[in-house]
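# Remarks on the overall topology
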Amino acid sequence: QLQASGGGLVQAGGSLRLSCAASGRTFSSYVMGWFRQAPGKEREFVAAISWSGATTHYADFVKGRFTISRDTIKNMVYLQMNTLKPEDTAVYYCAAGPEVTLRNIARQYPYDYWGQGTQVTVSS
């Protein structure tokens, strides 16, 4: 089970830190990812991190602004979002998958577990 939190309303240029708490099982060997879905749009990949935390992968539109990290001991994943833009407004979901590879890391299908989402709204 994954529980995302930390969303809210922020002005453009501001920052938010999303958290994803994993429970019910150990996700330490899973790739963890963040996706987002804006109104009227399809869910899209944002960022992912390997089980060790050594490797990260970002969508081009967040590179240099967002940072994904994880605390395996606490079973937590974080998404630090800086320099937020109105187009970052979306519901953000955390996800976990045991069979995620570099070839499918930005696709939804290899992620078996999904959180309920947290709303991020960026005002201009």
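Residues numbered from 1 in each chain as written. Predicted model: local features only at pLDDT ≥ 70, side-chain atom pairs only at ≥ 80, totals over all residues. Heavy atoms only, no water.

In this section: the packing of aromatic side chains. Across all of its chains, the model carries 7 aromatic pairs by this definition. Judged by centre distance (5.3 Å) and plane angle (85°), the ring pair of Phe 27 and Tyr 113 falls under edge-to-face. Of this pair, Phe 27 sits in the loop between β3 (16–22) and β4 (31–37) while Tyr 113 is found in strand β10 (residues 113–114), placing the two residues 86 residues apart along the sequence. Residue classification places Phe 27 among the buried positions, given a relative accessible area of 1%. A relative accessible area of 27% means that Tyr 113 is categorised as partly exposed. (Phe/Tyr/Trp six-rings, centres within 6.5 Å; stacked < 30°, edge-to-face > 60°. Helix = DSSP H or I, 4+ residues; strand = E, 2+ residues; numbered from the N terminus. Buried < 20%, exposed > 50% of the residue type's maximum accessible area, 1.4 Å probe, protein only.)

Overall, the coordinates contain 1 disulfide when judged by the stated rule. Disulfide pairing is shown between Cys 20 and Cys 94; the S-S distance is 2.2 Å. One disulfide, between Cys 20 and Cys 94, carries an S-S torsion of 65° and so falls in the right-handed class. Here Cys 20, found in strand β3, pairs with Cys 94, found in strand β9 (residues 90–97); they are 74 residues apart in sequence, far enough to count as distant. Residue class for Cys 20 comes out buried when judged on its relative accessible area of 1%. A relative accessible area of 1% means that Cys 94 is categorised as buried. (Disulfide = S-S within 2.5 Å.)

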